[in-house]
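Structure at a glance
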Amino acid sequence: MWYLCVFYHRLLDYRKPEVESLANLFGAFNGGDWDSDGDSSNRENNGNIETMSLQWRLPENHHPDSPFHFVYLPSEDMARKIANRSILVKGVYELWGEGNTHEELEEAIKLYPDDRKLPYLTSESTFKITVDSFGKVISFEEQNDRIRSLSYIPFKGRVNLRTPDHKFWLMETDDYGSNNGLPPVVQKRIFFGREVGSADRKLLPTYQLKSRTYLGPTAMDAEMAFLMANQALAAPGKLVYDPFVGTGSILIAAAHFGAMTMGADIDIRVVRDGRGPNCNVWSNFKQYGLPMPLALLRADNNLPPWRPGLKEVFDAVICDPPYGVRAGGRKSGGRKLLKGVVGPYTVPDDKRTDHIPSTAAYSLVECVHDLLDLAARMLVMGGRLVFFYPVLREDDTIDTHFPEHPCFELIASCEQILSLRYSRVLLTMVKIGPYTEEIAESARIKHLEFKENHLKWLEDGNLRTAVFSPADPQLGGAADAKLGKDSKPKYRGKYV
Amino acid sequence: MRLLTHNMLSSNIKGVTNGFPLLIEAEKVVEKPVDFNPDFLRNIFPKIDWKALVAAARAVGYGELPDTADAAMLESDDFLRHLHHALLQLHLEEGALVCPETGRRFPVNKGIPNMLLHEDEV
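A brief report on the enclosed structure follows. In this text the structure is predicted, and so the values were computed from the model without any measurement.

Right, let's get into the pattern of salt bridges. Here the structure, examined in full by the defined rule, presents 27 salt bridges over all chains. The residue lysine 431 of chain A makes a salt bridge to glutamate 312 of chain A at a minimum N-O spacing of 3.6 Å. Of the two residues, lysine 431 of chain A sits in strand β18 (residues 422–431) while glutamate 312 of chain A sits in the loop between β11 (295–298) and β12 (314–319), which places them 119 residues apart along the sequence. Of the charged contacts in the structure, one is a salt bridge between aspartate 77 of chain B and arginine 81 of chain B, with a shortest N-O distance of 3.6 Å. Residue aspartate 77 of chain B and its partner arginine 81 of chain B are located together in helix α4 (residues 77–89), separated by four residues, close to a single helical turn.

Have a look at this one:
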């Protein structure tokens, strides 16, 4: 049936893909589980449940970036599981009525079938009504008035504000102007519904980075790490790999959802030593009482040490590759060596044990190619590759060409704007074809074309230059002033 | 380093063709408890190189695994427990992995194998 799905008003691009992923995780597309009244023919179905998607619609006159959406889900149980596991779903509600005025709302609620309402209004149950609004504040008195005006609903139970059996919500949107980054609502809309489930945002303060013992300069913030873990369908019994593990911030989120984790990093200081015996990657897991990663290893993503023939072991690969803005990638072999300027340095036998091999810069193009190749080989069929990919922003539009691989289908791309100059996009890809040597070769050629056509800035340092170079001094002052006032984008949905 | 990891790794020195399985030089082996998850074991079983696992388990002093195994044995709880212990709970804390072809030692410190190659090996 249709549920009202209200989101937290942030990370707009990430909201629907999270719900889609969780629907997949909880088996919404496995068939047979849809309500009989459901018209499932509209569901996008190309025969592959890994890439199926849900049906959505918007309330009348709402902008796609509005927090209010309707989503079709097979069962209330499914809706509850999705909402409770999510990070961005403020609530999923069984809608009892909606209208442009309170009179219309009353009419709608009265028309809603009694057999759907009465079981939640019995005298044995306790309940609570919350009044909420989007884009404006409703005073306490007004809230109480609104609640009292609902007296036409035959509530028989007792009120319990702490632990009610049933939670009801009265939610309003009103014309709030354009101050919050959304185009103004055309008309006021009021919703009344019964809460089915909601996100557990208490996770976020528990896992927030500022209370984590061991941090690196690019540790993934907790909310984003959980979103990545949800995109990757992390769950008990699954094995998740992060080839750029760093301080483990992404794997912690995956481990919280019960997945087994493995990580690799080229920097031994990060993975082995940390900042002391109780301040390293292991201690970060211990801090939250999570199971330790199955393995941490020092390895080079450019020359991964997996045995020949090993494939399809990971259920997901999640990572934030080094794109050279805040931290650059490294790979084995000295700079001069790889250019062929000098021959390989032969390490004397007596120095081999503690030798620290030199590394060279690892450009993003190469890094992304190696990542796709590794994931194509090591993911199980239907496994997911979830990673961040930086893009330069010009005139508020981004280049929407993302890396491709014949084994993968891109199912979600979620932009997070980092500055006026660049964004990062969380790409979620599903493995839809088996990996063979021929495919690897064709992927390599495809990747080279991709690099030629789109990605000059992926080369060494170009992205960093583009992000950090000072504005053109000629235009600088004027342009900045302009940016500050007039041309400041009125619509800034993705900034929230 | 768990034996599961050992089972996945090989020496990838340039020119080496038989880099698997790496021999284990154990200095310190510890047991780290891991939650028993039979589904995970059943999923991972087909990917395991059994001979290498048995040899590795013996190298760290665990001899409870049979010489050969097939999927039918996954029905047995006993077998699963032994597999769980060998694969996930035995931990090579200090020691080395040795390339079977060249004898190159990949050190394992604090449970983390260092698989990075030297300049003359890439």
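Time to look at unusual backbone geometry. A cis amide bond, omega -5°, links phenylalanine 20 of chain B with the succeeding residue proline 21 of chain B. Of note in this structure, glutamate 312 of chain A is not a glycine but carries a positive phi near 55°. Judged by its relative accessible area of 18%, glutamate 312 of chain A is buried. One non-glycine residue with positive phi stands out, namely lysine 110 of chain B, at about 50°.

What follows deals with the environment of methionine 73 of chain B. Relative to the elements of secondary structure, methionine 73 of chain B occurs in the loop between α3 (50–59) and α4. Excluding residues within four positions of it along the chain, methionine 73 of chain B makes contact with Pro66, Thr68 and Phe79 of chain B.

Mapped onto the secondary structure, aspartate 320 of chain A falls in the loop between β12 and β13 (329–332). When near neighbours in sequence (up to four residues on either side) are disregarded, aspartate 320 of chain A contacts Thr218, Met220, Phe244, Ile250, Phe388 and Arg424 of chain A.

Rules used throughout
Residues numbered from 1 in each chain as written. Chains lettered and ligands numbered in written order. Predicted model: local features only at pLDDT ≥ 70, side-chain atom pairs only at ≥ 80, totals over all residues. Heavy atoms only, no water. Salt bridge = Lys/Arg side-chain N within 4 Å of Asp/Glu carboxyl O. Helix = DSSP H or I, 4+ residues; strand = E, 2+ residues; numbered from the N terminus. Buried < 20%, exposed > 50% of the residue type's maximum accessible area, 1.4 Å probe, protein only. Contact = heavy atoms within 4.5 Å.

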